[in-house]
Amino acid sequence: MSEYLLPDEPVKQVYLDANATTPVLPCIVDVVCHAMQTCFGNPSSPHITGIQAKHLLEQTRQKARAVIGANNGDILFTSGATEGVQTAVVSTLINAKTHNKKNPVLLYGATEHKAVPNTLKHWNQVLEINAQVLAIPVDSNGILDLDFIAQHIDDALMICTMAVNNETGVYQDLAAIEQVIRNRNSSVSWMVDCVQALGKQQLMLSETTIDYAPFSGHKLYAPKGIGLLYIRQGSAYTAFIAGGGQESGMRSGTENLPGIAGLNKLFSLLLDKTDGTFKSSAVLAQYRSQLHNAISDTFGAITFNHDFSYSVPTTLNFAVNDLTSKEVIDLFDAAGIRVSGGSACSTGASQSFVLDAMGASQWQSENAIRLSFGPAATQQDIDHACERIRALKQVLQANCLVVSDSATPTQELCALGLTQFRHQGACSWLYVNSNNQAVIIDPIIELIPRFEKIANTQNLTIAAILDTHAHQERNSAITLLRSVLAARLVAGEVDQLGWPVNKTVINLNGQRLEKLATPGHSQDSVSYLLKEASGEVRYCFCGDLILPAGLGNTHLLGGSAEQMSDSLILLAQQLTPEAVICSGHDYQQCFAMNWAVQQQQTPLLSALLSKQITKDEFAAKKQQRDEQKQTDNNNQLCGYVNAQPDTNTQQLSYSQAKEMLSHGNVYLIDTREPYEHGANNISSLLNVATAKTLNIPLSRMANAIVEQQLDKNNQYILVCRSGNRSKLAAANLIELGYTSVYNLNGGLALGS
Ligand code: PLP
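Residues numbered from 1 in each chain as written. Predicted model: local features only at pLDDT ≥ 70, side-chain atom pairs only at ≥ 80, totals over all residues. Heavy atoms only, no water.

As annotated in an unreviewed UniProt entry, the protein is cysteine desulfurase from Pseudoalteromonas nigrifaciens. Listed under Sequence similarities (unreviewed entry) in UniProt, the entry text for the protein is "Belongs to the class-V pyridoxal-phosphate-dependent aminotransferase family. NifS/IscS subfamily." (UniProt positions renumbered as here; feature names shortened; annotations may be inferred.)

Draft legend 1. Inspection of the pattern of salt bridges at higher detail. According to the stated counting rule, one finds 25 salt bridges in the structure shown. Across the pair Arg 251 and Glu 83 runs a salt bridge whose closest N-O atoms are separated by 2.7 Å. Taken as a pair, Arg 251 in the loop between strand E8 (227-231) and helix H7 (257-271) and Glu 83 in helix H3 (residues 81-95) lie far apart in primary sequence, 168 residues in all. A residue is classified by how much of its surface remains accessible, and Arg 251, at 15% relative accessible area, is buried. In this structure, Arg 422 engages Asp 586 in a salt bridge whose closest nitrogen and oxygen atoms are separated by 3.4 Å. Residue Arg 422 is found in strand E14 (residues 417-423), and its partner Asp 586 is found in the loop between strand E24 (580-583) and helix H17 (595-601); the two are separated by 164 residues along the sequence. Taking the relative accessible area as the measure of exposure, Arg 422 reaches 30% and is therefore partly exposed. (Salt bridge = Lys/Arg side-chain N within 4 Å of Asp/Glu carboxyl O. Helix = DSSP H or I, 4+ residues; strand = E, 2+ residues; numbered from the N terminus. Buried < 20%, exposed > 50% of the residue type's maximum accessible area, 1.4 Å probe, protein only.)

Draft legend 2. Inspection of the site of the ligand at higher detail. Taken together, Gly 80, Ala 81, Thr 82, His 113, Met 162, Asn 166, Asp 193, Val 195, Gln 196, Ser 216, His 218 and Lys 219 are the residues near the ligand. His 113 is positioned with one of its side-chain polar atoms (N or O) 3.0 Å from an oxygen atom of the ligand. Between the ligand and the protein, one listed contact pairs an oxygen atom with a side-chain N or O atom of His 218 at 2.9 Å. In isolation the ligand exposes 400 Å². Once the protein is present, 85% of that is buried. (Near = heavy atom within 4 Å. Polar contact = N/O pair within 3.5 Å; in protein donor to acceptor, adjacent residues only side chain to side chain. Areas by Shrake-Rupley, 256 points an atom, 1.4 Å probe, with all protein chains shown as cover.)

Draft legend 3. Layout of the pairing of strand E4 (residues 132-136). As paired strands, strand E3 (residues 105-109) and E4 are joined by five bridges and run parallel to one another. Looking at E4, one finds that Leu 106 is bridged to Val 133. Handedness of the crossover joining E3 and E4 through helix H4 (residues 115-126): right-handed. (Pairing = 2+ DSSP bridges. Right-handed = clockwise from strand over helix to strand, strands pointing away.)

Draft legend 4. The arrangement of the pairing of strand E10 (residues 315-320) in detail. With six of six residues buried, E10 lies mostly within the body of the structure. Every second residue of E10 is oriented toward a common face, with Thr 315, Asn 317 and Ala 319 on one face and Leu 316, Phe 318 and Val 320 on the other, all of them buried. The pairing of strand E9 (residues 302-304) with E10 spans three bridges and is classified as antiparallel. Residue pairing for E10: Phe 304 is matched across the bridge by Phe 318. Two elements, E10 and strand E13 (residues 369-372), share four bridges in a ladder whose sense is antiparallel. Note that in E13 the partner of Leu 316 across the bridge is Leu 371.

The structure is reproduced here in structure tokens:
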């Protein structure tokens, strides 16, 4: 894979997650340091050091007024926007304690940052206001429904809207919102979260009737822990923090002067028309279109989750058609490009409530990628980011994540042998032999584009697409996948599970796949045994009959614990201890499990097979457990597995790992997916020969075991991004009898 490594390792990060937070600008760092070392006084002290500090404080307040257009009203320094939101909500609700509304409501935009609805709900309960907390819907562009506001504003004690959304960059028409609010309710308290607007939009707050506007320094190159709250003249106010009377008694506690000094410098930059640090909207829009082109050229088809004409230019929120956000984020991260899922706090399979509110499809919402840059980005930053994004194309192609558009693709066969594909706890399996004949077992609809790309790029002949049973928790993907791969599929009539009618065996050039009826989880459950010419079973695809370290559920339609016992005994007659068990689910992330370890970790199974209990006793116990577990936990319809066996993995620090790797039989195993492995040069990071660096992703662990890629006499140090995946893999290998296995604690994140 070395030709796919990026040249400039170790990589300098490309930071494209400015909506989560920004680095502090060097010139701001300087003034913050100055405020800590030189102008360090307490603004309340009467001496000169204190007076200097007080001057800095008041000067910053004046600059803040100019930046946000607040000639009057109060400006308070807070710890950040979340504190500003608390202050606004508490002030409003305490004032509203004596309201005389029959059906009071608290309104907030459905796409608001969680700080807003959670604060409203919290204080509504604590202060016993008992108002109904209502989300204002948005349309498909993320724009607030003004009719809804008009309908409810008479009953509202407070309305919270946001200037710019943090996930999509969508901005609201504040003048239109104001008109709807004030036409009907001149006294309702109105808070506008301005966190993501600062530096990206012109604000003239005291020309509006906005009562409260929170801001946060760390979203715009100032340090964390400093923010602002604007309060309109005459709006309700209760001090949220009482104490020494600082900030005219409105917010006690010694002021965060270093943070305030940082804001001071930030505001100077924003106000100085001759300073080029902050770019105009036109320049930022140009940057956005450059990034748009780079991601489109790299990933092919992408779907934007917002309309650029309703968004500030610094945010791009999109999904890559056919790739999950996890794949894209992992790939970016491995290549040193930091982006986030829909929102900073929701990476992975969870959905974005912002995109849900906009009516995006579940697929878009689950797979949203947010790429955001700050308004002080330079042309050079954007050029460099685009270059780094474009360099990923060859990694994507080499790993069949996109179809190569080259006439002579040079990618190696990445799917030879067995690969596990996972989607939310469910597993699909692809087996490819050296003649490019393939079988796909238990395909999942979401993975169809992936199988399609692999089959086409690797020029596979698909011998069969099989289900192990009619899955009750999801629709079968075999009919759809058969039609997508029709041109590559071996012709012939098949049954409901995809097995060729009238055939007992599928021949795979010496190897063969056999079908065995193994009811228990359901009536129609079968297991597929991949056998060598010698008759020895390599892989047993058993669907939900057996799960890693457990057995499938029998307490569902068509399930039978009695039949399960017969099926297990039947399988035991066919399997050697080394045969690898490939299940339809892997809830506890075992990745590779052979028949010997499966029995060790499933006492009920070993008791049955060693005849310590009879079939009837097995059935009674199994039935009882499944009934019990279903009442305890119904997330795992297909089976219940006890907690992960508590394997003690030996943890190494970075320097310990480096030291060990200098010895002869110590190998490094990168457990990340090949596209992540291909995106950075882990051998050079850990100073180890490429020959001693193996890439065995979790999805290929079973293959590695069967292909004997590992030697029990060698020592292995496992690594991944954060140390979590590799820890699970290390535990798995230890269970399989590899004793000298270590984990790099904290992964690459803590080492580089
Ligand atoms: N509001 C918006 C729109 C945000 O993006 C954030 C930060 O994620 C907050 C509020 C909370 O800000 P802070 O981190 O300063 O408390």
